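A structural walkthrough
What follows is each chain in one-letter form.
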Amino acid sequence: MTATTAISLPALRGAGAATTRSALAQAVPPLVVGALALVAWEALVRVLSIPAFLLPAPSAIVATLVTDVGLILSAAQVTTAAVLGGMALGSIAGIVAAFVVSLFERAASTILVLVAILSCAPVVALAPIFNQWFGASNLMSKIAVAGIMVFFPVMVNTTRGLLRVDPLHRELMLSLSASPLQLMLFVRIPGALPALFDGLKIGATLSVIGIIVAEYFGGTANALGVLIANTAALSQFEQTWAAVAAASALGLALYALVLLLERVAMPWHHAMNRT
Amino acid sequence: MSTTTLSGRRIPASAEPVSAPPRGRRGWPRPAALQYLAISVGLIVAAAALWEGYKLLGAATGGKIPFTDLPLPIASSDLAMPHLWTIIGALGAPASSATSESLLSYLLGETSVTLREAAYGLLLGSGLGVLLAIGLRELPMVSRGVMPWLVVSQTIPLVALAPIIVIWVGGLGLPSWVAVTIISAYLSFFPVTVNTLRGLNSADPIHLELMRSLNASRLQTLTTVRIPSAIPSLFSGLRLAAIASVIGAIVGELSAGTGLGIGRAILSAAYFYSTGPEKLFAAVLVASLAGVVFVQIIAIAESLVLRRRTQ
Amino acid sequence: MTTSPTDTGVATTTAPAISLRGVSKVFSTSSGPVHALDDITLDIEPGSFVSLIGPSGCGKSTLLRVIGDLIDPSEGVVEVHGRSAAAARKARDYGMVFQQAGLMDWRTVRRNIELPLQVQGVGRDERRAKARQMLKLVKLEQFEHHRPRQLSGGMQQRVAIARALSFQPRVLLMDEPLGALDEMTREHMQRELLGIYQATGTTVVFVTHSVSEATFLSTDVIVMSPRPGRIAEHLKIDLPAYRNDETRISEQYFAEEAKVRASLHSVLDESRRAA
């Protein structure tokens, strides 16, 4: 007994230290590749003197980001608001729908298949309808598109998570004559969290795509998607690329936010992956 | 009951339920086709009832939320929400006053243009994706540097590059459908690469050890162990890619001035919305159904391939 | 139940803790009905340690689940402390331990042990105190705040036993609880289990594949025969109540083990001949 303690405790600590070290080692190659790609891009543009309409140099894009910071930030602000709105709306609706569907265990798997099929529809095509309903310059018309795109992965994943109960846990709870509510609280919901967050991660990516595309269909001039489309049409390519960079940063930041939330909500998940 | 044959006895599989499903809750049987049909019809009827019910509610309360003075979030007028029969009816009517072609046949024609571009894009993108995945798998050093960027690239909105790609292709003097195909291809490229690579790396270690003990070449290991074990995740990548390729084609059409395709048709229906709102809804309906059918073709291929495997 | 040589006429008059009368269970499968249990009649005295042993397919796990009211019998009556099995389950008479520990990843070790108490609505402080007591019983005090995945298989199984005992059930139902452990850990756990059994005086029903395990732990060994699952022999184990590693190498132990083994082999021979 004491022997197991003596072995397992340092082993745990050792594993923690090893991951910190290997995390550093893992970060080096991609950073090198990233830096090399940037340098090669810059060199290529300068040496071959590629015109800006084909590909502006990274330095030129950064310079534009700096000079047009006001324009891009204000456009990013509008888009960010829409993205967050779409995430909130879509995930709340998805979670509520998942709870409702998981109540009907018999029909749930059929409903899930149908919803998964439905989710293959190009939701972005709905953008013009929402533009008509809410007005193209109304943020709601963009939020609705992103919301629907987020809804599907969150709903499908959460429902699967709620339905997938370890048979052992089910038997254990039955032997304790636990109520369905207790099964939900103690087993189903915590067990569904990983699936829910997987859905949110997909949703985070889709919401940014949804908003940008919805903005291509028309909207306030002051939004990243509109800015990208308009500056490309006007041949202001440094601005186009700067806006693309801003949109990418937004996508990354949103994804990181979901990862952070995941870690806060499921500390055991992190500990589990570490060991 | 006791089925004894000449060749041998058939004993029912162990009657001991190892982790017995309590109280006859023994996994759901594969939902029968009938159940699918019933629930699909139920959902469609429910959606239709919701639509028309909303319109009735709006008509009854004068566009207000019941018991309040607040307007409904979406106007229930025939301009904002045409009756379903108007939308269906519009599909049979001529597409415009200048032609006798029905709206449905016009939309299907435009959709086929879009789906063709999406299919080319999917083919191109997934082909490149599989090749890159194999390359990354066989060159682990490169993979360690590139893989994180591939993962990151999935979190950024690649559609944002669409207008730029249209310019590039135009600059090369190529027809604009090429731009649409390329946009569609690079959107479908990433999910295929990432999923295939994951699949190639998920090969059973026992099989890999077996191949090593047989002194098999890398190529042999790749073709006999790694690629077969990558098929399921390749297909899940393909399904995501198919969805992305349709979105890519529609977005490409918006950015490129092709004048053809369902994306353009939706845009022009939106432009002439006030003279015929039902046309926009009809176009979106056709586009959505076409997208679903397109992706389901991949799903059906997947189930055929994977079913043969489990038999 | 007949009088046994060890019980010198004391226990024979007490009411049985568990009593089965003509219990049968038929599963319907795609290849026709399977008689998992056929006309089982058995009395289990309070405070006894009863092992169910037999070849696979003899219905020993099914029998355990029928006693625990996780499966309804097709025929027959199960009484536990004079009530139906369902009433006993609702009165929280059963602690269950399975082959897999079935701990919940999202709970710490201590909170896993608290689960049954939480289901029963015990207040937080009392829960915590009882869980700590149980941790001491299974000698895992230092691991209170660990995550289940951070423990070895044997330690996880000890947590599962602590969880089952946390609310002092009158009956402990164990389905091959040591089956997934390696030989060394297994023998260690057998000693621990005996210690816990002697300390708590719980009635134990224990499913196992191992003749030596059954002999070492039990007061009674029920040898079962397959297809249909029947009781072939009810053996009393003639060993002192207090057992330790010395017991394992005693003549008396070898004699008792040989008795169980002989009985099991005759069952195996018979089922082979029948087939």
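Residues numbered from 1 in each chain as written. Chains lettered and ligands numbered in written order. Predicted model: local features only at pLDDT ≥ 70, side-chain atom pairs only at ≥ 80, totals over all residues. Heavy atoms only, no water.

1. Description of the nonpolar core
One broad trend across soluble globular proteins is that nonpolar side chains are buried collectively. For clarity, the cut-off: Nine residue types can take part in a nonpolar core, namely buried Ala, Val, Leu, Ile, Met, Phe, Trp, Tyr and Cys, and a core is a set of them joined through side-chain atoms within 4.5 Å. Exposure classes here rest on a 1.4 Å probe applied to the protein chains alone. A residue is buried below 20% of its type maximum, exposed above 50%, and partly exposed in between. The criterion used for residue contact is that any of the two residues' heavy atoms lie within 4.5 Å.
By size, the foremost hydrophobic cluster in this structure holds 184 residues, and its most contacted members are W133(A), L107(B), I266(B) and I18(C). Residue contacts for L107(B): discarding those within four places in its chain leaves L91(B), I262(B), A265(B), A282(B), A283(B) and V286(B). With 45 residues, the next largest nonpolar core counts L103(C), V109(C), V159(C) and V211(C) among its residues.

2. Points about the packing of aromatic side chains
Going by this rule: The aromatic pairing rule takes the rings of Phe, Tyr and Trp, using the six-membered ring of Trp, and pairs them if the centres are within 6.5 Å, calling planes under 30 degrees apart stacked, those over 60 edge-to-face and the rest tilted. Think of it this way: any DSSP run of H or I at least four residues long counts as a helix, any run of E at least two long counts as a strand, and we number them from the N terminus. A ring is considered to have a charge above it if a Lys NZ or an Arg CZ atom is located within 6 Å of its centre and within 35 degrees of its normal.
Tallied over the full model, the rule gives 15 aromatic pairs over all chains. Ring centres of Y120(B) and W177(B) lie 6.4 Å apart, and the angle between their planes is 50 degrees; on these two criteria the pair is classed as tilted. Separated by 57 residues along the polypeptide, Y120(B) in helix α3 (residues 103-138) and W177(B) in helix α6 (residues 176-201) bring together distant segments of the chain. One aromatic cluster in this structure is built from F130(A), W133(A), F134(A), W51(B), Y273(B) and F281(B). Here the basic side chain of R107(C) rests over the ring of F186(A), its NZ or CZ set 5.2 Å away from the ring centre.

3. What about the pairing of strand β7 (residues 171-175) of chain C?
All names here are of chain C. Rule in force here: At least two bridges found by DSSP between two strands are what make those strands a pair. By convention, orient the strands away from the viewer: a clockwise path from the first strand over the helix to the second makes the crossover right-handed.
Burial within β7 is extensive, with five of its five residues counted as buried. Burial of the side chains of β7 extends over both faces: V171, L173 and D175 are buried on one face and L172 and M174 on the other. As defined by bridge partners, strand β6 (residues 94-97) adjoins β7 across four bridges and the pair is classed as parallel. Within β7, the position partnered with M96 by the bridge is L173. Of the strand pairs in this sheet, β7 and strand β8 (residues 203-207) are connected by five bridges, and their pairing is parallel. When the bridges of β8 are listed, D175 appears paired with V207. Note that the unit made of β7, helix α6 (residues 183-200) and β8 has a crossover that is right-handed.

4. A word on the interface of chain C and chain A
Stated precisely, the cut-off is as follows: Buried area is calculated as the accessible area (1.4 Å probe) missing from two parts once they are joined, with the contributions of both summed. Within this document, salt bridges are pairs made up of a side-chain nitrogen of Lys or Arg and a carboxyl oxygen of Asp or Glu, the two lying within 4 Å of each other. By the criterion applied in these results, polar contacts are pairs of N or O atoms within 3.5 Å in which, for protein atoms, one can donate a hydrogen and the other can accept it, and in which residues neighboring in sequence qualify only through two side-chain atoms.
Tallying the contact residues gives 32 residues for chain C and 27 residues for chain A. Taken over both partners, the interface formed by chain C and chain A buries close to 2,700 Å², and the fraction arising from carbon and sulfur atoms is 69%. Interface area lost by chain C to chain A is led by W106(C), V119(C) and Q150(C), which between them contribute 24%. Linking chain C to chain A there are one salt bridge. The salt bridge partner of R65(C) is E171(A), with a shortest N-O separation of 2.4 Å. Inspection of the chain C/chain A interface yields nine residue pairs in polar contact (both at pLDDT 80 or more). At the level of elements, α2 (85-90), β6, α3 (109-119) and α5 (153-165) of chain C are the ones that each hand at least two residues to the side of chain C that touches chain A. Broken down by element, the side of chain C that touches chain A gets its largest block of residues, four residues, from α3(C).

5. Structural notes on the sheet that holds β8(C)
In a beta sheet, neighbouring strands are held together by backbone hydrogen bonds and run either parallel or antiparallel to one another. Residue and element names in this part refer to chain C. Applied cut-off: Note on geometry: axes are lines fitted to C-alpha atoms, helical ones only across the stretch in contact, with angles between N-to-C directions running from 0 to 180 degrees.
Pairing is mixed across the open sheet formed by six strands, whose spatial order is β6-β7-β8-β3-β9-β10. Edge positions in the open sheet fall to β6 and β10 (230-236), since each of these has one partner strand only. Geometrically, the sheet is characterised by an average inter-axis angle of 15 degrees between neighbouring strands, direction not taken into account. The strands touched by helix α1 (residues 60-67) within the sheet are β3 (49-53), β6, β7, β8 and β9 (220-225), with β7 carrying the most contacts at an inclination of about 150 degrees. Packing of α5 onto the sheet brings it into contact with β6 and β7, and relative to β6 it is tilted by some 170 degrees.

6. Here we look at the packing of helix α8 (residues 180-216) of chain A against helix α10 (residues 237-265) of chain A
All names here are of chain A. Spelled out, the test is: By definition in this entry, angles of less than 35 degrees are roughly parallel, angles greater than 145 are roughly antiparallel, angles of 65 to 115 are roughly perpendicular, and the rest are oblique. Should the near helix be turned anticlockwise from the far one by less than a right angle, the crossing is termed left-handed; should it be turned clockwise, right-handed. Residue polarity is assigned by list, with Asp, Glu, Lys and Arg as charged and Ala, Val, Leu, Ile, Met, Phe, Trp, Tyr, Cys and Pro as nonpolar; anything else, Gly included, falls into the polar class.
Between α8 and α10, the shortest axis-to-axis distance is 10 Å and the interhelical angle comes to 165 degrees. In this view, α8 runs roughly antiparallel relative to α10, as classed from their interaxial angle. Crossing of α8 against α10: the hand is right-handed. Where α8 approaches α10, its residues L193, F197, L200, K201, A204, T205, S207, V208 and I212 are matched on the opposing element by A247, G251, L254, Y255, V258, L259, L261, E262 and A265. In terms of residue class, the contact of α8 with α10 is built from 13 nonpolar, three polar and two charged.

7. Concerning empty space enclosed by the protein
For clarity, the cut-off: Cavity means a closed set of points on a 1 Å grid over the protein atoms alone, one where a 1.4 Å probe fits but cannot get out, pocket means an open set with protein on both sides within 12 Å along at least 5 of 7 lines, and lining means a residue has an atom within 4 Å of a point. Grid points are joined across faces, edges and corners, and a volume is the space filled by probe spheres set on the points.
Summed over all chains, the structure comprises two cavities of 30 Å³ or more. Computed from the structure, the largest cavity encloses a volume of approximately 40 Å³. Listing elements by their share of the lining of the largest cavity, those giving two or more residues are β7 and α6 of chain C. In the lining of the largest cavity, the residues fall into eight nonpolar, two polar and no charged. When residues of the lining of the second largest cavity are traced back to their parent elements, those giving at least two are α7 (167-175) of chain A together with β6 and α5 of chain C. Broken down by element, the lining of the second largest cavity gets its largest block of residues, three residues, from β6(C). When the residues that make up the lining of the second largest cavity are grouped by side-chain class, the tally is seven nonpolar, two polar and one charged.

8. As for the pattern of salt bridges
Here the structure, examined in full by the defined rule, presents 27 salt bridges over all chains. Among the salt bridges present, the one from R239(B) reaches E302(B), with a minimum N-O distance of 2.9 Å. Of the two residues, R239(B) is situated in helix α8 (residues 218-255) and E302(B) in helix α10 (residues 277-310); the sequence distance between them amounts to 63 residues. E302(B) sits in the buried class, given a relative accessible area of 11%. Note that E213(C) is salt-bridged to R186(C), the shortest N-O span being 2.9 Å. Pair noted here: E213(C) is in helix α7 (residues 211-217) and R186(C) is in helix α6, with a separation of 27 residues, a long-range link. Linked through salt bridges whose partners overlap, the residues forming this network are R110(C), E114(C), R127(C), R132(C) and E144(C).

All we've got here are geometric facts, nothing functional implied.
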